[in-house]
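Fold and contact review
Single-letter residue listing:
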Amino acid sequence: MNPLAHSAAPTASASPLSLLRAVWRYRFLLRQLVQRDIASRYRGSLAGLIWSLLLPCVMLAVYMFVFGYVFTPVRRVGQETVNAAFALSLFAGMLLHGLVGECLSRAPAAVLAQPSYVKKVVFPIELLPLAVVGTAMVQFLIGSAVLLLALLFTQGLPATAWLWPLAWLPLLALAAGWWGLRDVLRRPVVETLRRAAE
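To start, this report covers the structure provided alongside it. Because the structure is a prediction, the values reported are computed rather than measured.

Here we take up the packing of aromatic side chains. This structure, assessed with the given rule, holds 5 aromatic pairs. Consider the rings of Phe 140 and Trp 168, whose centres lie 5.4 Å apart with planes at 65°: the pair is edge-to-face. Residue Phe 140 is located in helix H7 (residues 127-154), and its partner Trp 168 is located in helix H8 (residues 164-177); the two are separated by 28 residues in the primary sequence. Accessibility expressed as a relative area gives 2% for Phe 140, which makes it buried. The ring of Trp 24 is capped by Arg 27, whose NZ or CZ atom sits 3.9 Å from the centre of that ring.

Here you go:
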């Protein structure tokens, strides 16, 4: 094992400010790790990266159909409009759940999944879980764009749409903070988190 392998990573008692400095210092590497993770997710599929846009659109269309037509109360005669509020609220909640679930299930195991980075080279290991969070964030932002467009077309963009980041920023900070427990978490705890997030 390389004795310098952990020299680029902060210690367990590192302050959040030093973590932010390290992320800023290695921002290009973090971007490359996120791009590699996104590309590997859709490698070999027929549509490739188009799936990242197609999946939220199809999911929203299914929710709109099921909760707009199938499970609606009896409509009045002459009422042709579909109430999309419940389907859009469900879609927003599923986006948040997907973001937190992916971060909590994949981020704690990110260091264990890349042993060559940890053992053989000098590498800032704090970037591995943050790359997982970045990948989940890209997927979430694509879904959020689909949600905002659907809101715009179905009922107009509400005045409170600018508050949408207040719903997910604390959850993102929580999910990104799990990587700090990497010295405490061991394989059984990681498996328990993965199962709980599913």
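Ranked by size, the top nonpolar core spans 22 residues in total, and within it Leu 88, Phe 91, Leu 99, Phe 140, Leu 147, Trp 164 and Trp 168 carry the most contacts. Within the residue set of this core, elements represented by two or more residues are helix H3 (51-70), helix H4 (85-106), H7 and H8. What Leu 147 contacts, discounting residues up to four positions off in sequence, is Leu 88, Phe 91, Ala 92, Leu 95 and Trp 164. The next biggest cluster of nonpolar side chains, apart from the first, holds 17 residues, and it includes Ala 107, Ile 125, Leu 127 and Ala 131.

Turning to the pattern of salt bridges, a few remarks are in order. Oppositely charged side chains may form a pair once their charged atoms are brought near each other. Summed over the entire model, instances satisfying the criterion amount to 3 salt bridges. Linking Arg 106 and Asp 37 is a salt bridge whose minimum nitrogen-to-oxygen distance equals 2.9 Å. Of this pair, Arg 106 sits in helix H4 while Asp 37 is found in helix H2 (residues 27-42), placing the two residues 69 residues apart along the sequence. Taking the shortest distance from any N to any O, the salt bridge between Arg 41 and Glu 102 comes out at 2.2 Å. Of this pair, Arg 41 sits in helix H2 while Glu 102 sits in helix H4; the two residues are 61 residues apart in sequence, bridging distant segments of the chain. With a relative accessible area of 32%, Arg 41 lands in the partly exposed category.

Conventions used here
- Residues numbered from 1 in each chain as written.
- Predicted model: local features only at pLDDT ≥ 70, side-chain atom pairs only at ≥ 80, totals over all residues.
- Heavy atoms only, no water.
- Phe/Tyr/Trp six-rings, centres within 6.5 Å; stacked < 30°, edge-to-face > 60°.
- Helix = DSSP H or I, 4+ residues; strand = E, 2+ residues; numbered from the N terminus.
- Buried < 20%, exposed > 50% of the residue type's maximum accessible area, 1.4 Å probe, protein only.
- Lys NZ or Arg CZ within 6 Å of the ring centre and 35° of its normal.
- Core = buried A, V, L, I, M, F, W, Y, C linked by side-chain atoms within 4.5 Å.
- Contact = heavy atoms within 4.5 Å.
- Salt bridge = Lys/Arg side-chain N within 4 Å of Asp/Glu carboxyl O.

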